[in-house]
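The chain contents come next:
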Amino acid sequence: MYWYKDLYVSNNLSNNMKWIRWSVEHKIHIKPIFLVVLSDMGDGQLEIIPATTLRLPFFEKKEYQVIGVAKGEYHARSLVETIVADVYGATGNCDCKSYFAPYFEKGNEE
């Protein structure tokens, strides 16, 4: 799992991101946490994934590029809106994959 250096975090999360990140990476059950990741689907841009699903065998094998973390699905959706607005403001389009790709190239990931 790769984490964006300037991770987007919903405002309803505590400041203990170190513990949340560790819990997600070690598949500790933290029910209300949702991850905003780059989509691995061809035409998709971002996906919202409940952290609890990472414990399932299918998801264990996937390498995710985490852009944001939110507490609750509503806040995850708001975070996606913020991310897309930031990408649009910086590039003039909504191509999140292209915008974040350089951050996850070999050697740049955290």
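Basis of the calculations
- Residues numbered from 1 in each chain as written.
- Predicted model: local features only at pLDDT ≥ 70, side-chain atom pairs only at ≥ 80, totals over all residues.
- Heavy atoms only, no water.
- Helix = DSSP H or I, 4+ residues; strand = E, 2+ residues; numbered from the N terminus.
- Expected span 1.5 Å × (residues − 1).
- Buried < 20%, exposed > 50% of the residue type's maximum accessible area, 1.4 Å probe, protein only.
- Arc of directions from axis to C-beta.
- Contact = heavy atoms within 4.5 Å.
- Salt bridge = Lys/Arg side-chain N within 4 Å of Asp/Glu carboxyl O.
- Pairing = 2+ DSSP bridges.
- Axes fitted to C-alpha atoms, helices over the stretch in contact; angles between N-to-C directions.
- Phe/Tyr/Trp six-rings, centres within 6.5 Å; stacked < 30°, edge-to-face > 60°.

1. Details of helix α3 (residues 73-91)
Between its terminal C-alpha atoms α3 stretches 27 Å, which fits the 27 Å expected from 19 residues at 1.5 Å a residue. Among the residues of α3, those classed as buried are Ala76, Leu79, Val80, Ile83 and Val87. For α3, the angular spread of buried residues about the axis comes to 105°, placing them on one side. The exposed set on the far side of α3, more than 90 degrees from its buried face, consists of Tyr74, Glu81 and Gly89. Here the buried face of α3 lies against β1 (2-9), β2 (33-38), β3 (46-50), β4 (65-71) and α4 (96-100).

2. Focus on the pattern of salt bridges
Counted under the stated rule, the structure contains three salt bridges. Here Lys62 makes a salt bridge to Asp40, at a shortest N to O gap of 2.9 Å. One end of the pair, Lys62, is in the loop between α2 (57-60) and β4; the other, Asp40, is in the loop between β2 and β3, with 22 residues separating them in the sequence. The class for Lys62 is partly exposed, based on a relative accessible area of 24%. Judged by its relative accessible area of 53%, Asp40 is exposed. Of the charged contacts, one joins Arg77 and Glu73 as a salt bridge, the two residues approaching to 2.9 Å between their closest N and O atoms.

3. Structural notes on the sheet that holds β3
Strand order in the open sheet formed by four strands is β1-β4-β2-β3, with mixed pairing between adjacent strands. Looking along the sheet, the strands with just one partner apiece sit at the ends: β1 and β3. When the angles between neighbouring strand axes are averaged without regard to direction, this sheet yields 30°. Inspection of the sheet shows β2 paired to β4 by five bridges, in the antiparallel sense. Residue Leu35 lies in a different strand from β4, and its bridge partner there is Val69. Across the sheet, helix α1 (residues 17-25) is in contact with β1, β2 and β4; its angle to β1 comes to roughly 135°. Contacts between α3 and the sheet are confined to β1, β2, β3 and β4, with β4 contributing the most and set at about 135° to the helix.

4. Quick look at α1
Residue pairs spaced three or four apart in an α-helix point in one direction, given the helix's 3.6 residues per turn. Those residues of α1 lying buried are Met17, Ile20, Ser23 and Val24. The buried residues of α1 occupy one face: seen down the axis, they fall within an arc of 125°. On the buried face of α1, the contacting elements are β1, β2 and β4. Just downstream of α1, Lys27 is the residue with a positive phi angle, here 55°.

5. Let's talk about the packing of aromatic side chains
Here the structure, examined in full by the defined rule, presents six aromatic pairs. Ring geometry for Tyr4 against Tyr103: centres 5.0 Å apart, planes inclined by 85°, an arrangement best described as edge-to-face. With Tyr4 in strand β1 and Tyr103 in the segment after α4, this pair connects stretches of sequence that are 99 residues apart. By relative accessible area, Tyr4 is classed as buried at 7%. A relative accessible area of 35% places Tyr103 in the partly exposed class. Grouping aromatic residues by their ring pairs yields a cluster made of Tyr4, Tyr8, Tyr99, Phe100 and Tyr103.

Remember, this is a structural readout, not a statement about activity or role.
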